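Letter by letter, the chains look like this.
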Amino acid sequence: MPEQSNDYRVVFGAGGVGKSSLVLRFVKGTFRERYIPTIEDTYQQVISYDKSICTLQITDTTGTHQFPAMQHLSISKEHNFILVYSITSHQSLEELRPIYEQICQIKGDVESIPIILVGNKNDENQNREVESSEGEAMDKKWKCAFMETSAKLNHNVKELFQELLNLEKRRTVSLQIDGKKTKQQKRKEKLKGKCVVM
Ligand code: GDP
Ligand code: MG
């Protein structure tokens, strides 16, 4: 009987880059052209991962600046982060910098925290302002993973959430090198993890 976990949690921030669209595409398989600003919505998605069943809790939040106290609280509570910008807006990439810096400040050692940088809307190549190479350079600087997605065309959306779980797993495995743990403890820790998507 596979174990079940409700511990994964994903929270989103930033404005108009397609965070809600990525969540809705992943959870409901839908896409809407119309922009409806988010304050905060929570979704659950049950997935099968590594012979276990996990319930991903996804909290989709508003833009970066409107509610700084909410953002601070989200970063404090969570352990995994997806930072979303739009490839059609250089400004949206720049807006991630203060969030990244806040994660560093609150979490300390960022190298041990799973972070994915996401360039969404990559179907809009004709309006591209951020080259893929720039995203790649950023991921080296920030020591995080990088991926381009399109919520509209359903490109790399499932892969994004999969990669998040992979990163979390890798982190847990490397933490285990230090201390010997029982099989059960290891399994439990593998299934634990919280994420913030911004
Ligand atoms: P949020 O504020 O970051 O949650 O952004 P939304 O998900 O609400 O999306 C903002 C706008 O961008 C909406 O009009 C969406 O239809 C559009 N959008 C979202 N994702 C994509 C995408 O991958 N490609 C294109 N072309 N438009 C997108
Ligand atoms: Mg939204």
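Reading the values: the criteria
- Residues numbered from 1 in each chain as written.
- Chains lettered and ligands numbered in written order.
- Predicted model: local features only at pLDDT ≥ 70, side-chain atom pairs only at ≥ 80, totals over all residues.
- Heavy atoms only, no water.
- Near = heavy atom within 4 Å.
- Polar contact = N/O pair within 3.5 Å; in protein donor to acceptor, adjacent residues only side chain to side chain.
- Areas by Shrake-Rupley, 256 points an atom, 1.4 Å probe, with all protein chains shown as cover.
- Helix = DSSP H or I, 4+ residues; strand = E, 2+ residues; numbered from the N terminus.
- Core = buried A, V, L, I, M, F, W, Y, C linked by side-chain atoms within 4.5 Å.
- Buried < 20%, exposed > 50% of the residue type's maximum accessible area, 1.4 Å probe, protein only.
- Contact = heavy atoms within 4.5 Å.
- Salt bridge = Lys/Arg side-chain N within 4 Å of Asp/Glu carboxyl O.
- Arc of directions from axis to C-beta.
- Pairing = 2+ DSSP bridges.
- Phe/Tyr/Trp six-rings, centres within 6.5 Å; stacked < 30°, edge-to-face > 60°.
- Axes fitted to C-alpha atoms, helices over the stretch in contact; angles between N-to-C directions.
- Parallel < 35°, antiparallel > 145°, perpendicular 65-115°, else oblique.
- Left-handed = near helix turned anticlockwise from the far one by under 90°.
- Nonpolar A, V, L, I, M, F, W, Y, C, P; charged D, E, K, R; others polar.

K.L.:
Would you take a moment to explain the site of ligand 1 for this structure?
P.N.:
In the neighbourhood of ligand 1, 20 residues make up the surrounding shell, with Gly-16, Lys-19, Ser-21, Arg-32 and Glu-33 lying closest. One of the backbone N or O atoms of Gly-16 is found 2.7 Å from an oxygen atom in ligand 1. A distance of 2.6 Å is found between an oxygen atom of ligand 1 and a side-chain nitrogen or oxygen belonging to Ser-21. For ligand 1, whose accessible area on its own is 580 Å², the fraction buried by protein is 93%. Element by element, the count of residues in the shell around ligand 1 is highest for helix H1 (residues 19–28), at three residues.

K.L.:
What am I meant to see in the nonpolar core here?
P.N.:
As a rule of thumb, nonpolar side chains are buried together in soluble globular proteins. Among the nonpolar cores identified, the biggest contains 25 residues, and Phe-26, Ile-58, Ile-116 and Leu-160 are the most heavily contacted of them. Counting residues per element, the ones that place at least two in this core are H1, strand S3 (40–49), strand S4 (52–61), strand S5 (80–86), strand S6 (115–120), strand S7 (145–148) and helix H6 (157–176). With six residues, the top contributor of residues to this core is H6. In this structure, Leu-160 is in contact with Leu-22, Ile-82, Ile-116, Val-118, Met-147 and Thr-149, ignoring residues within four places of it in sequence.

K.L.:
What should I look at first to understand the pattern of salt bridges in this one?
P.N.:
Should the charged atoms of two oppositely charged side chains come close, the side chains can pair. Going through the model one piece at a time under the given rule, you end up with two salt bridges. Across the pair Glu-33 and Lys-152 runs a salt bridge, and its minimum N-O distance is 3.3 Å. Here Glu-33, found in the loop between H1 and S3, pairs with Lys-152, found in the loop between S7 and H6; they are 119 residues apart in sequence, far enough to count as distant. Under the relative-accessibility criterion, Glu-33 is labelled exposed at 62%.

K.L.:
Looking at this structure, I do not really get H1. What am I missing?
P.N.:
For H1, the buried fraction is high: nine of the ten residues fall into the buried class. Positive backbone phi, approximately 75°, marks Gly-29, located one or two places after H1.

K.L.:
Help me understand helix H5 (residues 132–142), please; the structure alone is not making it clear to me.
P.N.:
Turn by turn, an α-helix covers 3.6 residues, leaving residues three or four places apart pointing in a common direction. Listed as buried for H5 are Gly-135, Met-138, Asp-139 and Trp-142. Projected down its long axis, H5 shows its buried positions confined to an angular sector of 100°, all on one face. Those residues of H5 that are exposed and aimed more than 90 degrees away from the buried face are Lys-140 and Lys-141. In the core, the buried residues of H5 are packed alongside S5, helix H4 (96–107), S6 and S7. After H5 finishes, the residue Lys-143 shows a positive phi value of roughly 50°.

K.L.:
Looking at this structure, I do not really get the pairing of S3. What am I missing?
P.N.:
Looking along a regular strand, one sees the side chains alternate between the two faces of the sheet. Two elements, S3 and S4, share ten bridges in a ladder whose sense is antiparallel. Its bridge partner being in S4, Ile-47 is matched across the sheet by Cys-54. The turn joining S3 and S4, which pair antiparallel and follow one another in sequence, is formed by two residues; a positive phi near 50° is taken by Asp-50.

K.L.:
Please clarify how the packing of aromatic side chains should be interpreted in this entry.
P.N.:
A ring pair, where both rings are aromatic, is described by two values, the distance of the centres and the angle of the planes. Enumeration over the complete set of coordinates arrives at two aromatic pairs. For the pair Phe-26 and Phe-161, a centre-to-centre distance of 3.9 Å together with 10° between the ring planes defines the contact as stacked. In this pair, Phe-26 sits in helix H1 while Phe-161 sits in helix H6, placing the two residues 135 residues apart along the sequence. Just as Phe-26 is buried, Phe-161 falls in that class too. Relative to Trp-142, the ring of Tyr-100 lies with its centre 4.3 Å away and its plane at 5°, an arrangement referred to as stacked. Residue Tyr-100 is found in helix H4, and its partner Trp-142 is found in helix H5; the two are separated by 42 residues along the sequence.

K.L.:
Please clarify how the packing of helix H2 (residues 68–77) against H4 should be interpreted in this entry.
P.N.:
Relative orientation and spacing of two packed helices are given, respectively, by the angle between their axes and the distance between those axes. One way to put it is that H2 packs onto H4 with a least axis distance of 10 Å and a crossing angle of 50°. When the axis of H2 is compared with that of H4, the two are oblique. In terms of crossing hand, the pair formed by H2 and H4 is right-handed. Where H2 approaches H4, its residues Gln-71, His-72, Ile-75 and Ser-76 are matched on the opposing element by Ile-99, Gln-102, Ile-103, Ile-106 and Lys-107. Across the contact of H2 with H4, the residue classes tally to four nonpolar, four polar and one charged.

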